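The lines below spell out each chain.
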Amino acid sequence: MKKKDTFFVGLMLFSMFFGAGNLIFPPFLGMGAGTSFWPAMTGFIITAVGLPLIVLLAVGLVKDGANTLGSRVHPLFGMIFTIVVYLSIGPLMAIPRNANVAFEMGFKPFLGSATVSQTMLLLVFSAIFFILVYLLSLNPSKVVDYMGRWITPALLISIVVLCITGFLKLDEPLKAPTETYQTASLFKGFIDGYSTMDALAALAFGIVIITALKQKGITNKKQLTAYTLKTGIIAGAALALVYIGIGLLGAKMASYGTFDNGTAVLSSASTILMGTGGKILLGVIFTLACFTTCVGLTIACGQYFSKIAPKLSYRVVVTLVTLVSFSLANLGLNQILKVSVPFLVMAYPLTIVLVTLAFLHRFFKGSQKVYAGAMLLTGIVSLYDGLKMFGLKWSLLESLMGNLPLASVGLGWVVPAIAGGLVGFVLEKVSRSSSSSEEFKLTKAS
C-alpha cells in the first residue's frame, strides 16, 4: 500500500476517534491542572491515546476482534461484553452524545434570541445531522476518501488555527492546580482519559480499519497487523498533539474566570481570541469532529451486527442504529452524560485487563482460569465503583473497597485484577499437575 494511502487511513482513524469527549475534556483538565498540567496530561494521553492504540493492535491480532478476546474468559461473556460495548459506543450512548454536542456548540450559539423552542430546534438539527450520517455510512468503502482526504484535514486546520491564535494572544502564566489536581495529578488525568470512550471505540474501530485495509489490497495477516499499527500511530500522534494544544489553551483560560465544563472553556476562548469569527470556527470544529465520529461508530455497528446476525443486512443495521441514535439524542446532553460516566468507570477497567491479558496470553498459555479470575475480581470492584457514582452505596462494601491499594486515585481494581489472575494461574498449574498424575497412573496400570 502506498504511504499516501496509509496516511489517509490514519487520518480517517483519527477523525473517527476524535469526537465530543475528545474536545470537551482536555481543556477542562488544563484549566484545573494549571502548573500540574504536564503530569495530568501525561496520564490523560496514556488512557486516551496509548490505551486505544494497544486495544486496536490487540483486536488486529485476533480473528474476530473483540468477540474473540472476550470469549477467552467465556464464550457467553465474549458475546455479551462485545454487544454491550458496541451498543454503548453506538446508538445508546456515544452517538447521541456527539450529536448533542454538535448541536450545543455548532448550532445553538448562533440562534441569538430565537423564539422557537430548544426542543424543536434540536429535533430539526438532529434530523438533518443523522440523515447525513446515514447517507455517508451506507458507503463505507468511500469513507477513507471523504474523511481522510477532506473532512479530517479541515478539522485539523481549524484546531491548529484556534490553538496558535491562543498561544500568541494568551500569555498569562499557568495558575496553581485546583484541589482535584493538587495531588496524584497523573492518576487524575489517567481517569479523565476514560471519558473519551476511545478504548471502547477501538474495540469496534478495529474491524473498520481492517476492512479499509483489505479494500486497499492488504490481505496477509502479518501485513494487516503492521498497517494497523502504522495507521494507529498516525492517528495517535495527531490525537496527542491536539490534546496538548487544546489542553494548554484551557490552562491559559483559567485566568479569565471559572467554567463549568470544557465546552464553556473553548467557547469563551474562541470568542475572546477571534470574536464572532472564533465562535464560527469553534462551531465548525465541533460539528466536523462529532459528525466524523458518528459516521465511524455507525459503520462499526453496521459491520459488527450484520456479521453476527446475517439475516440483518448492513443497510438495515445502519438504519436501525441511526433511528435509535436520533431518538436518544433528543433526550438532551445532560441525561446522556449522567449515564455515560458511571458506565465508563465500570467498563474501562474490564477493557484494560482484557487487553493486557491478550498481550500476556502466551506466557500463561491462554489459560481460561487466568482470564476468568482477573476479570471476575476486576468486575466486582469496577461494578461497585460505577454503582457508587449512581448514588448506590453500602457501608460495609464502602469500607472494604476504600481500603484497597490505589483506591484513593480511582484504581482500586488493579490489585484485585492481579490477584485474580495469579489465583487462576495457580489453579491452572494444580489442574494440569493433577491431570498429568492421573495420566501417569493410567499409563502405569496399562
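Residues numbered from 1 in each chain as written. Predicted model: local features only at pLDDT ≥ 70, side-chain atom pairs only at ≥ 80, totals over all residues. Heavy atoms only, no water.

**Section: the overall build of the protein**
Defined as follows: The secondary structure listing takes helices from DSSP runs of H or I that are at least 4 residues long and strands from runs of E that are at least 2 residues long, numbered from the N terminus. For the radius of gyration, the atom set is restricted to C-alpha positions; the globular benchmark scales as 2.2 Å times the number of residues to the power 0.38. Note on exposure labels: buried denotes an accessible area under 20% of the residue type's maximum, exposed denotes more than 50%, and partly exposed covers the range between, all computed with a 1.4 Å probe on protein chains only. Two residues form a contact once any of their heavy atoms are found within 4.5 Å. Surface exposure here means Shrake-Rupley accessible area, sampled with a 1.4 Å probe, where a residue is shielded only by the protein chains that are shown. Under the counting rule used here, the positive set is Lys and Arg, the negative set is Asp and Glu, and His together with the chain ends is not counted. Think of each charge as sitting on NZ of Lys, CZ of Arg, CG of Asp or CD of Glu.
Each helix and strand in the protein was counted, giving 18 helices and 0 strands. The globule rule puts the C-alpha radius of gyration for 446 residues at 22 Å, and the 23 Å found for the protein is close to it. Principal-axis analysis of the C-alpha atoms gives the protein an extent of 90 × 50 × 40 Å. In the protein, which comprises 446 residues, the proportion classed as buried is 51%. Pairs at least 24 residues apart make up 80% of the contacts formed inside the protein by residues separated by at least 6 positions. Summed over all atoms, the accessible surface of the protein reaches about 20000 Å², with 68% contributed by carbon and sulfur. Distance from the positive charge centre (32 side chains) to the negative charge centre (15 side chains) of the protein: 10 Å.

**Points about the environment of Ala417**
Among the structural elements, Ala417 can be located in helix 18 (residues 414-445). Given a relative accessible area of 9%, Ala417 falls into the buried group. When the C-alpha atoms of Ala417 and Gly379 are compared, they prove to be 8.7 Å apart, with 38 residues separating the residues in sequence. Discounting chain neighbours no more than four positions away, the residues touching Ala417 are Val353, Ala374 and Thr378.

**Topic: empty space enclosed by the protein**
As a reminder, the rule being used: Cavity: a set of points on a 1 Å grid over the protein atoms alone where a 1.4 Å probe fits but cannot get out. Pocket: an open set with protein on both sides within 12 Å along at least five of seven lines, its lining residues, like those of a cavity, having an atom within 4 Å of a point. Grid points are joined across faces, edges and corners, and a volume is the space filled by probe spheres set on the points. Charged residues are taken to be Asp, Glu, Lys and Arg, nonpolar residues to be Ala, Val, Leu, Ile, Met, Phe, Trp, Tyr, Cys and Pro, and polar residues to be all remaining types, Gly included.
For the structure on display, the rule yields 2 cavities of 30 Å³ or more. By volume, the largest cavity amounts to about 100 Å³. Lining the largest cavity are 17 residues, with Thr196, Met197, Asp198, Thr293 and Leu297 positioned closest to its centre. Counting only elements with at least two residues in the lining of the largest cavity, the list comes to helix 1 (3-17), helix 2 (20-33), helix 6 (94-106), helix 11 (198-215) and helix 13 (262-308). For the lining of the largest cavity, the per-class residue count stands at 9 nonpolar, 6 polar and 2 charged. Forming the walls of the second largest cavity are 12 residues, and the residues nearest its centre are Met12, Pro140, Val208, Ala212 and Gln215. In terms of residues, the lining of the second largest cavity owes the most to one element, helix 11, which gives 4 residues. Residues that form the lining of the second largest cavity fall into these classes: 8 nonpolar, 4 polar and no charged.

**A few points about the environment of Ala58**
The residue Ala58 is located in helix 3 (residues 37-61) in this model. Sequence separation of Ala58 and Ala358 is 300 residues, and the distance between their C-alpha atoms is 6.8 Å.

**Some thoughts on the confidence of the model for the protein**
Fine structural detail should not be taken from predicted coordinates in areas where pLDDT scores are low. What counts, and what does not: pLDDT measures how confident the predictor is about each residue, on a scale from 0 to 100.
On average, residues of the protein score 85 in pLDDT, and 94% of them are at 70 or above. Highest mean pLDDT in the protein belongs to helix 14 (residues 314-329) (94); lowest belongs to helix 17 (residues 395-402) (77).

**Points about the nonpolar core**
For clarity, the cut-off: To form a nonpolar core, buried Ala, Val, Leu, Ile, Met, Phe, Trp, Tyr and Cys residues must be joined to one another through side-chain atoms within 4.5 Å.
Within the largest apolar cluster, 135 residues are counted, with the highest numbers of intra-cluster contacts made by Phe18, Phe129, Leu200 and Phe205. In terms of residue count, helix 13 provides more of this core than any other element does, 19 residues in total. Discounting chain neighbours no more than four positions away, the residues touching Leu200 are Val85, Ser88, Ile89, Phe343, Leu344, Ala347, Tyr348 and Thr351.

**Examining the packing of aromatic side chains**
How we decide: When two rings of Phe, Tyr or Trp (its six-membered ring) have centres within 6.5 Å they constitute a pair, described as stacked for plane angles under 30 degrees, edge-to-face for angles over 60, and tilted for the intermediate range.
Tallied over the entire structure, the rule returns 19 aromatic pairs. Geometrically, the ring pair formed by Phe44 and Tyr243 is edge-to-face, given 5.2 Å between the ring centres and 90° between the ring planes. One end of the pair, Phe44, is in helix 3; the other, Tyr243, is in helix 12 (residues 221-252), with 199 residues separating them in the sequence. The residues Phe44 and Tyr243 share a single accessibility class, namely buried. Taken together, the ring pairs connect Phe103, Phe107, Phe125, Phe129, Phe130, Phe291 and Phe326 into an aromatic cluster.

**Regarding the state of the cysteines**
Cut-off, in case you're wondering: Only a pair of cysteine sulfur atoms within 2.5 Å qualifies as a disulfide here.
Using the criterion set out here, one finds 0 disulfides in the structure. Not part of a disulfide, Cys163 finds its nearest cysteine sulfur in Cys290, a span of 16 Å.

**Some remarks on the environment of Met147**
One can find Met147 in helix 8 (residues 143-169). C-alpha separation for the pair Met147 and Leu136, spaced 11 residues apart in sequence, amounts to 9.9 Å. Each residue touching Met147, except ones within four places of it in the same chain, is listed here: Met12, Ser15, Met16, Thr152, Pro153, Thr292 and Val295.

**Regarding a nonpolar patch on the surface**
Put simply, the rule is: Put simply, a patch holds well-exposed residues, over 30% relative accessible area, that have no salt bridge, with like charges counted together within 9 Å and Val, Leu, Ile, Met, Phe, Trp or Tyr side chains within 5 Å. For this document, the term salt bridge refers to a Lys or Arg side-chain nitrogen within 4 Å of an Asp or Glu carboxyl oxygen.
Together, Met120, Leu123, Val124, Ile128, Ile131, Leu132 and Leu135 line one region of the surface with nonpolar side chains, adding up to about 630 Å² of accessible area. Among the secondary structure elements, Val124 is positioned in helix 7 (residues 118-137). Judged by relative accessible area, Val124 falls into the partly exposed class, the value being 43%.

**Notes on unusual backbone geometry**
With the exception of glycine, the majority of residues adopt a negative phi angle, and the majority of peptide bonds are in the trans configuration. Residue Ala184 is not a glycine yet carries a positive backbone phi of 50°. One non-glycine residue, Leu406, adopts positive backbone phi at about 70°. In this structure, Leu406 sits in the loop between helix 17 and helix 18.

**Thoughts on the pattern of salt bridges**
The full count for this structure, using the stated rule, is 4 salt bridges. The shortest N-O distance in the salt bridge between Glu104 and Lys108 comes to 3.5 Å. On the accessibility criterion, Glu104 (27% relative accessible area) is partly exposed. A salt bridge links Lys188 to Asp192, with the shortest nitrogen-to-oxygen separation between them at 2.7 Å. Of the two residues, Lys188 and Asp192 both sit in helix 10 (residues 185-192), 4 residues apart, roughly one turn of that helix. The partly exposed category is assigned to Lys188, whose relative accessible area is 25%.

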